[in-house]
Amino acid sequence: MVLIGEIKVKIGVISDTHDNRDCILKAIEIFNTEKVDLVLHCGDHIAPFTLEWYKGLNAKMIGVKGNLDAEYQLLKEKYESLGWEFHRFSAVITLERKKIILLHGVDENVIKGLIHSDEYDIIVRGHLHKIINEWHKDTLHFSPGEACGYLTQKRTIGIIKLPEISAEIIEI
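None of the values given here were measured: they were computed from a predicted structure.

Asker: What is the right way to read the sheet that holds strand E7 (residues 122-125) from this model?
Answerer: Two orientations exist for strands paired in a sheet by backbone hydrogen bonds: parallel and antiparallel. One open sheet holds the 5 strands; their spatial order is E5-E6-E7-E9-E8, and the pairing between them is mixed. Two strands in the sheet have a free side with no partner beyond their single neighbour: strand E5 (90-95) and strand E8 (131-136). Across the sheet, the mean angle from the axis of one strand to that of its neighbour is 15°, orientation sign disregarded.

Below you can see the structure in the form of structure tokens.
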């Protein structure tokens, strides 16, 4: 029996880290403190060596390639060596009977189509370096903003809680 308001799964969300070691380490610290069950990386890691900085993460990570992630194969190999998953375009995850799609989100027409498809409970994306936490009917459109802080001077990550979908932005 699931009680109203009971949190069963916490998902950490990070995007657009752009080789920024300090933001990655701070995000890991927060994700570990929050005891997230899974981390979703919305792309734009940049260099594969940055995945070494995630070794202290106490959760599995699933990532997607961003438009600036030129070394797809090396990123994929590094993810797999850590027991994680890395996808070229998107990843579909089902947790607590909620269907989530993770993508970098370069094409806004694709994003709009996904929002209006009624196929997903949550659309998690990056690319814009902009916080998005909006409901469209029964679909949450979520972007944690940019972890690196390069464009907005605001370094942010997100946490999504299930089974009742709630999402928050955390400044790091």
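Asker: Would you mind showing me how to read helix H3 (residues 108-116) here?
Answerer: Since the α-helix turns once every 3.6 residues, residues separated by three or four places project in the same direction. For H3, every residue scored as buried is listed here: Ile 111, Leu 114 and Ile 115. One side of H3 holds all its buried residues, which, seen down the axis, span an arc of 100°. Exposed side of H3, more than 90 degrees from the buried face: Asn 109 and His 116 are the residues found there. Buried residues along H3 sit in contact with strand E6 (98-103), E7, E8 and strand E9 (139-144). Two residues or fewer past H3, Asp 118 is found with a positive phi of approximately 60°.

Asker: I'm lost on helix H1 (residues 21-33) in this one. Help?
Answerer: If you check H1, its first and last C-alpha atoms are 18 Å apart, about what 13 residues at 1.5 Å a residue would give, namely 18 Å. Every buried residue belonging to H1 is among Cys 23, Ile 24, Ala 27, Ile 28, Ile 30 and Phe 31, and all of these are buried. Around the axis of H1, the buried residues are gathered within 165° of arc, so they sit on the same side. Opposite the buried face of H1, at more than 90 degrees from it, the exposed residues are Asp 22 and Thr 33. The N-capping residue of H1, defined by a side-chain oxygen 3.2 Å from the backbone nitrogen of Asp 22, is Asn 20. At the exit of H1 stands Lys 35, carrying a positive phi of roughly 55°.

Asker: Before we go on, may I ask you to explain the sheet that holds strand E10 (residues 156-162) in this structure?
Answerer: Judged by pairing direction, the sheet is mixed, and its 6 strands sit side by side in the order E4-E3-E2-E1-E10-E11 without closing on themselves. Every interior strand has two partners, whereas the edge strands, strand E4 (85-87) and strand E11 (166-171), have only one. Averaged over neighbouring strand pairs, the angle between their axes works out to 20° when direction is ignored. Strands strand E1 (9-14), strand E2 (38-41), E10 and E11 of the sheet are contacted by H1, whose axis makes an angle of about 20° with E10. Running over the sheet, helix H2 (residues 72-81) touches E2, strand E3 (60-64) and E4 and is turned about 160° from E4.

Asker: Explain the nonpolar core to me, please; I cannot follow it from the model alone.
Answerer: It is characteristic of soluble globular proteins that their nonpolar side chains tend to be buried jointly. Within the largest apolar cluster, 24 residues are counted, with the highest numbers of intra-cluster contacts made by Ile 14, Phe 31, Val 39, Tyr 54, Leu 57, Met 61 and Ile 157. Going through the elements one at a time, H1, H2 and E10 are the ones with two or more residues in this core. By residue number, the principal contributor to this core is H1, which donates 6 residues. Apart from the residues lying within four places of it in its own chain, the contact partners of Val 39 are Gly 12, Ile 14, Phe 31, Leu 57, Ala 59, Lys 60, Met 61 and Ile 62. Membership of the second largest hydrophobic core comes to 19 residues, among which are Ile 11, Cys 42, Ile 100 and Ile 122.

Conventions used here
- Residue positions are counted from 1 within each chain, in the order its sequence is given.
- In keeping with the model being predicted, local features are shown solely for residues with a pLDDT of at least 70 and side-chain atom pairs are shown and tallied solely at 80 or more, while totals for entire chains, interfaces and linings include all residues.
- Excluded from the side-chain calculation are hydrogens and water; included are all heavy atoms of the structure.
- At least two DSSP bridges between two strands are needed for those strands to be called paired.
- Here a helix means four or more residues in a row that DSSP labels H or I, a strand means two or more in a row labelled E, and each is numbered from the N terminus.
- A fitted line through C-alpha atoms serves as each axis, taken over the contacting stretch for helices, and the angle formed by two N-to-C directions is quoted from 0 to 180°.
- Think of it in three bands: with a 1.4 Å probe and only protein chains considered, a residue is buried below 20% of the maximum accessible area for its type, exposed above 50%, and partly exposed in between.
- By arc we mean the arc of the directions from the helix axis to the C-beta atoms, nothing more.
- In this analysis, two residues are considered to be in contact whenever any of their non-hydrogen atoms come within 4.5 Å of each other.
- Given the number of residues in a helix, its expected span is that number minus one, multiplied by 1.5 Å.
- We call two N or O atoms a polar contact when they sit within 3.5 Å, provided that within protein one can donate a hydrogen and the other can accept it, with sequence-adjacent residues counted only if both atoms are side-chain atoms.
- Buried residues of nine kinds, namely Ala, Val, Leu, Ile, Met, Phe, Trp, Tyr and Cys, make up a nonpolar core once their side-chain atoms join them within 4.5 Å.

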